Every structure is written in C-alpha cells, then in structure tokens.
Amino acid sequence: MTNQPSDAVTRRTFVQGAGLTVGAIAAGCSTGQKVHPAGGLSADDPTIRVGLIGCGGRGTGAASQALRADPGVILHAMGDAFPDRLDTSRGHLETQFADRIAVPEDRRFTGFDAFQKVIDSDVDVVILTTPPHFRPEHFKAAVAGGKHVFMEKPMAVDGAGVRSILEDAKSARAQGLNVMGGFCWRYNLPNRACYERIHNGAIGDVTCVHSTYLTAPLGTKPRQEGWTDMEWQLRNWQHFNWLSGDHIAEQACHAIDKINWAKNDVPPAKAIALGGRQMRETPESGNVYDHFSVMYVYDDGSRCFHDCRQMPGCWNDNTEYLIGTHGTCYVNSWGPNQEIKGRFPWSYEGPNPNMYQVEHDELFQAVRGKRDRIDDIDQMMTSTLMSIMGRMSAYSGRPVEWDEAMESEDRMGPRTYALGDLPVMPVSVPGHVASWNARETASV
Ligand SMILES: NC(=O)c1ccc[n+]([C@@H]2O[C@H](COP(=O)([O-])OP(=O)(O)OC[C@H]3O[C@@H](n4cnc5c(N)ncnc54)[C@H](O)[C@@H]3O)[C@@H](O)[C@H]2O)c1
C-alpha cells in the first residue's frame, strides 16, 4: 500500500477534484475520458470474462447480475479464502446459468492469494466482494493487471486503505478502466431522480441532512472445532473492526453516502461522534460498537447528522431527511419512497428496476464502450472516509478532521495473513483510546 504522508491527498486537492467532476457532469459533458472497451478487451470479441473475488452472499449476487447484464459475460475464475464458500457460490450460479459458468478446477482458487490468481487468469472484469479490509490490496492488483472493477462498499477500513485506492485510481484512469463502487443507491432510479432535483435546487441550498441506519444486529457463526482465530474472525468478519471497519463503515456507509450525495460529494471539514457497545455479548460479536451518532461539519457552515444502530428489539429506520432553504426532502431507503415538499413539490412516478441490476447493466455497457467510462472513485472514497472519520471520532471521543483521517497512519489489522492465532483487539473506550498501531503493539 502507498501510505506515505507525502502521498496523501489533502482535503483541498480532493475538493478540487470532486468539483471538476461534478461541474463536468452538471454541464452535461462527458468527463473527458475516451469511450472505448479498455482493459485488454477486444472490440470484436463478444465474450467478457469475469473473475469473482469473495464468493459470499454479495459476490454471488453481483456475479449473477453481471451474467444477466450482458449475454457475452461468462464467469471465468473464482477466488475465496475458503473452499466451501467458493463451492456453494459456484453451485448456486451453475443452477441459474449452467452454460456460462466456465470455472474448471484449475480456475478455482482458495486462500489469501486467491485474488492474485483470479486476476492473473485472463479475466477482463473483476468483482471485489471480500470483507472490506482486503479491498485496497485487491484493487491495487486489479489495476496493475488492467482489469475493469466492480468493488463493493466500503472500499477501505482506514486512512491507509483510502490513500492506497486513490493512488491506484490514477493508473486506473490512465488505462481507461471502468471502476464502479457498490454504493447501490446511486444506481436506484427513484433516488437518482430525487437527488438530481436536489442538485438542481428543488429545496434550495441544502443546509442539513439527517440520515439513519437503525437495524437489528447481523448474524454470527459460533466457533467450530478446528477453526483458528483467523478463520473464526473471517467467518464473523462483520463483527471484527479490522475486517469490517465497524458497522458504521460496513453497513451504515450507505446512509452516509446519501449525505455525501446530497452535499454534491464535497467532503466535510470534520466529524464529531459518539458511540458505544451496550448489547453485544457473545465472543463472535467481536469488538465492534452497536451504536454511533455523528455530526459532520462543513466549510459552508452546514451540519449533517447520521445515526446508526445494530440492536435487537428497537425501532428501525433507514431514511434521509434533507432540509433546504426553501423546502425539505424525505428519502426512505426501505420504501423506497421519496418526496420533496416546499416551493417545488415532487414525488417519483417512474420505473424502479432492481438497483443492483442497474449497476451491472451500466457497468457492462461501459466495458463494451457503449457509454462513458464509469469512475465512481472520488464519490465512493469520500463516503468511505466519512464513515471512517465517524468511527475514529466515536472511538477516540474527540473531533476528527478530514485531513487527519486521510493522513492517518493507523492501519487496522495484521500485516500478514495466515490461518493461525490472532488476538482480538479490545473494544475502544472513548477518552482512553490509543491508536490501532499502539494497541496492536501493546497486545503482542
Ligand atoms: N451494496 C450492498 O447492498 C451490499 C450488501 C451486502 C454486502 N455488501 C458488501 O459486500 C462485501 C461482502 O459482503 P457479503 O455479505 O457478501 O459477505 P460474505 O461473508 O457473505 O462474503 C464474503 C466472502 O469473502 C470471503 N473472503 C474473506 N476474506 C477473503 C480474502 N482475503 N480473499 C478472498 N476471499 C475472502 C469469505 O470467505 C466470504 O465467502 C462487504 O464489503 C459488504 O459490505 C454490500
């Protein structure tokens, strides 16, 4: 990974980059990228070979959406940490797309180096759907191999990972590669219509957004005979913060992305957050918190708020409430339902296809050169870092500025990966927290 402070993208340069992209899109121009089927794909070859890295629930879903998106797509190689996960996924896909799952035994890879073997096996597009800790390393290898990328959210769990992806983005752009992020609401047609109106001034200047992701806890897998610490943590990855980034990054990042979308992808100046862990008790529930509450402070004086919770038996909600200078907007992600009130009232009446399918339909059109190159990198990394800032502030009990999060040297997780011993880092206590690096050293 590229972690040097001198390589860090400061908030100022990031804002400038985001502004250019938004400006170009607002003007109805292409982003200046050449439209062509890059990534080694021949314009005459009807086949697009896909490699799946991380064959769990989302990876299997994304692969089937890729196969539905374009009749020339075949699944060519698969990689996962564990053979049973790969086999389950392959079996599921074969029942739906029998003749398009071309993954013989020598293109089924398992272990921590499976990603590289998939990338090296003559694929055109990779789907990156492991736990997010591994995403920066997998993205780096995919870009080095000249592959188009679909990568799930969040894209990293720490500042080091964010910087690594932003650095590799330069090469992805230079090669004309498509890079799509799994912030799927950006591909939801009702939400798109709504946010387009917001950007066109339907509620005036957006002075406040409140987003929620209040839900029940995710399931856990009790430890099995023979599982090492590493395997046990990987199989319960959502509950170990080095793997997931905590639930504010892993799950609630969707609702934080909605704040970012409303604010035109301009990063906040700082985050001030509270959080804690009240109702997680079993060993499998790891070291993540179960609630966070964050305030994002922007340079324009506006403040946005986000609350997320994973607790049983509580009120659940996944909504964005936008307040503008001459109206309000309500977007319910579980509806889905969106409505603008005020000077220009509006509600959506158009089609609402499956947003995950829309993602892949658009990606493969772009891979074939039938639409502009897709480059979600700036927006997805802003939303990812916003989630990380929220966690850093809640864990530490103090405000965290954008540049501090971006330049942070705190890299979560082990330096090398092996199925062996791996102590669980203690739950962070606000006001007492040391950096991940310091805690790791202390626990050795
Ligand atoms: N956009 C969405 O709506 C949405 C929905 C669900 C999940 N996700 C995201 O998708 C990603 C995967 O989530 P999931 O629900 O599919 O989890 P999952 O546990 O079902 O699948 C993850 C898979 O990755 C494998 N894996 C773990 N470490 C690996 C490594 N180093 N190399 C290769 N394989 C490895 C696991 O064995 C597992 O099969 C996460 O980032 C999650 O946040 C997004």
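Residues numbered from 1 in each chain as written. Predicted model: local features only at pLDDT ≥ 70, side-chain atom pairs only at ≥ 80, totals over all residues.

This brings us to the overall build of the chain. In terms of helices and strands, the chain carries 15 helices and 15 strands. A burial count over the chain gives 47% of its 444 residues as buried. Within the chain, contacts between residues at least 6 apart in sequence are counted, and of these 77% link residues at least 24 apart. (Helix = DSSP H or I, 4+ residues; strand = E, 2+ residues; numbered from the N terminus. Buried ≥ 20, exposed ≤ 12 C-beta atoms within 10 Å, placed from the backbone. Contact = placed C-beta atoms within 7 Å.)

What follows concerns the site of the ligand. Near the ligand lie 26 residues; those nearest to it are G54, G56, R58, R85 and E152. Every element with two or more residues in the shell around the ligand is listed here: α2 (57–69), β2 (73–80) and α4 (114–119). With three residues, the single largest contributor to the shell around the ligand is α2. Split by residue class, the shell around the ligand holds 12 nonpolar, eight polar and six charged. (Near = placed C-beta within 6 Å. Nonpolar A, V, L, I, M, F, W, Y, C, P; charged D, E, K, R; others polar.)

V50, V118, V126, I127 and V149 are the most contacted members of the largest nonpolar core, which totals 103 residues. Residue contributions to this core reach at least three from each of two domains, namely domain 1 (5–185 + 358–376) and domain 2 (187–351 + 384–443). Ignoring anything within four residues of it in the chain, the contact list for V149 reads V126, L128, F139, A142, L177, V179 and M180. (Core = buried A, V, L, I, M, F, W, Y, C linked by C-beta atoms within 7 Å. Domains from an automatic or database assignment.)

Following K153, the chain continues into P154 via a peptide bond in cis, with omega recorded as -20 degrees. Of note in this structure, D122 is not a glycine but carries a positive phi near 65 degrees. Position of D122 among the secondary structure elements: in the loop between α4 and β4 (125–128).

Right, let's get into helix α3 (residues 83–96). Residues lying three or four places apart along an α-helix face the same way, a consequence of the helix completing one turn every 3.6 residues. With 14 residues, α3 should cover 20 Å at 1.5 Å per step; its first-to-last C-alpha distance of 20 Å lies within 8% of that length. Every buried residue of α3 is listed here: R85, L86, S89, R90 and L93. Buried residues of α3 fall within an arc of 125 degrees about the axis and therefore sit on the same side. Relative to its buried face, α3 has exposed residues pointing more than 90 degrees away, namely D84, G91 and T95. At its buried positions, α3 is contacted by α2, β2 and β3 (108–110). (Expected span 1.5 Å × (residues − 1). Arc of directions from axis to C-beta.)

This brings us to the sheet that holds strand β12 (residues 327–332). Strands sit in the order β14-β13-β12-β11-β7-β10-β9-β8-β15 across an open sheet of nine strands; the sheet is mixed. The open sheet has two free edges, formed respectively by β14 (346–347) and β15 (400–401), since each of these has just one partner strand. The pairing of strand β8 (residues 270–276) with β15 spans two bridges and is antiparallel. What sits directly across from A271, in β15, is V400. Each of β7 (206–215), β9 (291–297), β10 (303–310), β11 (319–324) and β12 is contacted by helix α11 (residues 253–262), which is oriented at about 170 degrees to β7, the strand it contacts most. Where helix α13 (residues 377–396) meets the sheet, it contacts β8, β9, β10 and β15, and its direction lies at approximately 60 degrees from that of β8. (Pairing = 2+ DSSP bridges. Axes fitted to C-alpha atoms, helices over the stretch in contact; angles between N-to-C directions.)

Let us now look at the environment of G72. Here G72 shows up in the loop between α2 and β2. Sequence separation between G72 and F364 is 292 residues, and the spatial gap between their C-alpha atoms is 9.7 Å. Excluding residues that lie within four positions of it along the chain, G72 makes contacts with P46, T47 and I48.

Inspection of the secondary structure puts P399 in the loop between α13 and β15. For P399, a count of 16 C-beta atoms within 10 Å translates into the label partly exposed. A sequence separation of 10 residues divides P399 from M389, and the C-alpha atoms of the two residues are 8.8 Å apart. In contact with P399, not counting residues within four places along its chain, are K270, A271, I272 and S393.

Working definition: the strands of a sheet are paired by backbone hydrogen bonds and lie parallel or antiparallel to each other. Pairing is parallel in the open sheet, where six strands are placed in the order β3-β2-β1-β4-β5-β6. With one partner strand each, in any of the chains shown, β3 and β6 (179–181) form the two edges of the open sheet. Across the sheet, the axes of successive neighbouring strands diverge by a mean angle of 20 degrees, strand direction being ignored. Of the pairings in the sheet, the one linking strand β5 (residues 148–151) to β6 comprises three bridges and is parallel in character. What sits directly across from F150, in β6, is M180. Helix-sheet contacts for helix α5 (residues 135–144) involve β1 (48–53), β4 and β5, and the interaxial angle to β4 is about 175 degrees.

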